[in-house]
Amino acid sequence: MKLVTYRASLEDAARLGVIQDEMVVDVAALGEAYGEDLPDSMLGLIDAGKPGLETLQACLDEAAGIFPIHTATALANVRLLAPIPRPRKNIFGIGLNYLDHVIESAKALDTNKDLPKQPVIFSKPPTAVIGPDEPILHNAKITKQLDWEVELAVIIGTTARRVPRQGALTHVFGYSVMIDVSARDNRRAGQWIFSKGMDSYAPFGPVIVTADEIPDPQKLDLWLTVNGVEKQRSNTAKMLFKVDELIADISQGITLEPGDIIASGTPEGVGAGRDPQEFMWPGDTIVACVEGIGRLRHPVVNSTPD
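Residues numbered from 1 in each chain as written. Predicted model: local features only at pLDDT ≥ 70, side-chain atom pairs only at ≥ 80, totals over all residues. Heavy atoms only, no water.

Peer 1: Would you mind going over the overall build of the protein chain with me for this structure?
Peer 2: Assigned secondary structure in the protein chain consists of five helices and 19 strands. Over its C-alpha trace the protein chain gives a radius of gyration of 19 Å, about what one expects of a compact globule, namely 19 Å for 306 residues. Overall size of the protein chain, expressed as C-alpha extent along the three principal axes, is 60 × 50 × 30 Å. Across the 306 residues in the protein chain, those meeting the buried criterion constitute 55%. For the protein chain, restricting intrachain contacts to residue pairs at least 6 apart in sequence, the fraction spanning at least 24 positions comes to 75%. For the protein chain, the computed accessible surface area is about 13400 Å², with 50% contributed by carbon and sulfur atoms. (Helix = DSSP H or I, 4+ residues; strand = E, 2+ residues; numbered from the N terminus. Rg over C-alpha atoms; globule rule 2.2 N^0.38 Å. Buried < 20%, exposed > 50% of the residue type's maximum accessible area, 1.4 Å probe, protein only. Contact = heavy atoms within 4.5 Å. Areas by Shrake-Rupley, 256 points an atom, 1.4 Å probe, with all protein chains shown as cover.)

Peer 1: Whenever I open this one, empty space enclosed by the protein confuses me. Can you help?
Peer 2: Left-over empty space is what a probe sized like a water molecule reveals as it rolls over the atoms. Within the structure shown, the criterion is met by two cavities of 30 Å³ or more. Looking at the largest cavity, its volume works out to about 140 Å³. Lining the largest cavity are 17 residues; nearest its centre among them are Leu109, Glu149, Arg184, Trp192 and Lys196. Elements with a minimum of two residues in the lining of the largest cavity: β6 (91-95), α3 (99-108) and α4 (193-196). Residues belonging to the lining of the largest cavity are distributed by class as follows: four nonpolar, eight polar and five charged. Here the second largest cavity defines a volume of roughly 40 Å³. Pro87, Arg88, Lys89, Asn90, Ile91, Gly259, Asp260 and Ile261 together form the lining of the second largest cavity. Among the residues making up the lining of the second largest cavity, the classes are represented as three nonpolar, two polar and three charged. (1 Å grid on protein atoms, 1.4 Å probe; cavity = no way out; pocket = protein on both sides within 12 Å on 5 of 7 lines; lining within 4 Å. Points joined across faces, edges and corners; volume = space filled by probe spheres on them. Nonpolar A, V, L, I, M, F, W, Y, C, P; charged D, E, K, R; others polar.)

Peer 1: Can you walk me through the nonpolar core in this structure?
Peer 2: Most often, soluble globular proteins keep nonpolar side chains buried together rather than apart. The biggest cluster of nonpolar side chains holds 52 residues, and the ones touching the most others in it are Ile247, Ile262 and Ile293. Not counting residues within four places of it along the chain, the set of residues in contact with Ile247 comprises Ile156, Ala160, Val163, Ala168, Val172, Leu256 and Ile262. Ranked by size, the runner-up nonpolar core spans 32 residues in total, among them Ile46, Ala128, Phe204 and Ala263. (Core = buried A, V, L, I, M, F, W, Y, C linked by side-chain atoms within 4.5 Å.)

Peer 1: Would you mind showing me how to read the side chain of His101 here?
Peer 2: Locating His101 in the fold gives a position in helix α3. What His101 contacts, discounting residues up to four positions off in sequence, is Leu96, Glu149, Thr266, Pro267, Glu268 and Val270.

Peer 1: What exactly am I supposed to notice about the layout of surface pockets here?
Peer 2: Considered as a void within the structure, the largest pocket measures approximately 270 Å³ in volume. Lining the largest pocket are 14 residues, and of these Gly49, Lys50, Leu53, Val172 and Phe173 lie nearest its centre. Those elements that place two or more of their residues in the lining of the largest pocket are α2 (42-63) and β12 (172-179). If you tally residues by element for the lining of the largest pocket, the top one is α2, at five residues. In the lining of the largest pocket, the residues fall into five nonpolar, six polar and three charged. What lines the second largest pocket is Arg79, Leu80, Pro132, Asp133, Glu134, Pro206, Arg295, Leu296 and Arg297. Elements represented by at least two residues in the lining of the second largest pocket include exactly β5 (79-81) and β19 (294-302). Among the elements that make up the lining of the second largest pocket, the one with the highest residue count is β19 (three residues).

Peer 1: What exactly am I supposed to notice about the pattern of salt bridges here?
Peer 2: Note on pairing: side chains with opposite charge can pair once their charged atoms come close. Following the criterion strictly, the structure yields 17 salt bridges and no others. In this structure, Arg165 and Glu245 form a salt bridge, with 3.6 Å as the shortest nitrogen-oxygen distance. Residue Arg165 is found in the loop between β11 (150-156) and β12, and its partner Glu245 is found in helix α5 (residues 243-251); the two are separated by 80 residues along the sequence. A salt bridge links Glu230 to Arg233; the nearest nitrogen and oxygen atoms lie 2.9 Å apart. Several salt bridges converge on common partners, so that one network encompasses Lys124, Asp147, Glu149, Asp180, Arg184 and Lys196. (Salt bridge = Lys/Arg side-chain N within 4 Å of Asp/Glu carboxyl O.)

Everything listed here is a matter of geometry and, on its own, says nothing about what the molecule does.
Below is the structure:
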């Protein structure tokens, strides 16, 4: 399934939807039409677990593409939000998780040239999240090195505490796209949270694709363009630490809970790694894609205070 959080109009509250043939079907309304109690939020559906997804699928099967009145809206007529507009806790970011990105970062950002022996973990606060088409904020008083990083986002579905790598993927609810926006000139004594955690620095979406539709997350192309010019292109097969390794590693010391998000790292091609270096500026348009999931598009706008 492709699941979204959306608004049918500016005045409407956010709703949970499932995409069917260029339509967005209201999950809670569909359930009500068939006498089932289905949640109206993404976190609610994640919390409902496998039974919730099975009930939703049963309702979709019963509809057979002919949806009850007031349950479906054309996808083109809704506004998509971040799939989880307000995560319950910080996003887990993974640094230096592609070989060529390790090399370019060592040259441009003074990071260690040796391959990491364990995943490099940082975080982004919930307030960094924005949804499709929302602006990435550029504050020239804070940064002149605003950079891009396309990433596969992993959404946890069931609690993972000290889990082994084998079977770790069973804890995944689904996958999405994230852009790890980074103010390179705001790293502080090796700490990344301020440089990567400012408002609008976690574009997220446009959908969550449930894990059953992506049985192997290590076979996905991903790419990013700036003003239509391709800057990044790779495949998740090139991750140094695969998705199951990341879940196993983090869960050894931090319990992963339903709705937690892991941004799994970026490949080569970031602005700081180019010669000469390139960064995002107001007026730019950033598009990021992950195969089988979808595309994020974001304008960069000036937010410098007077």
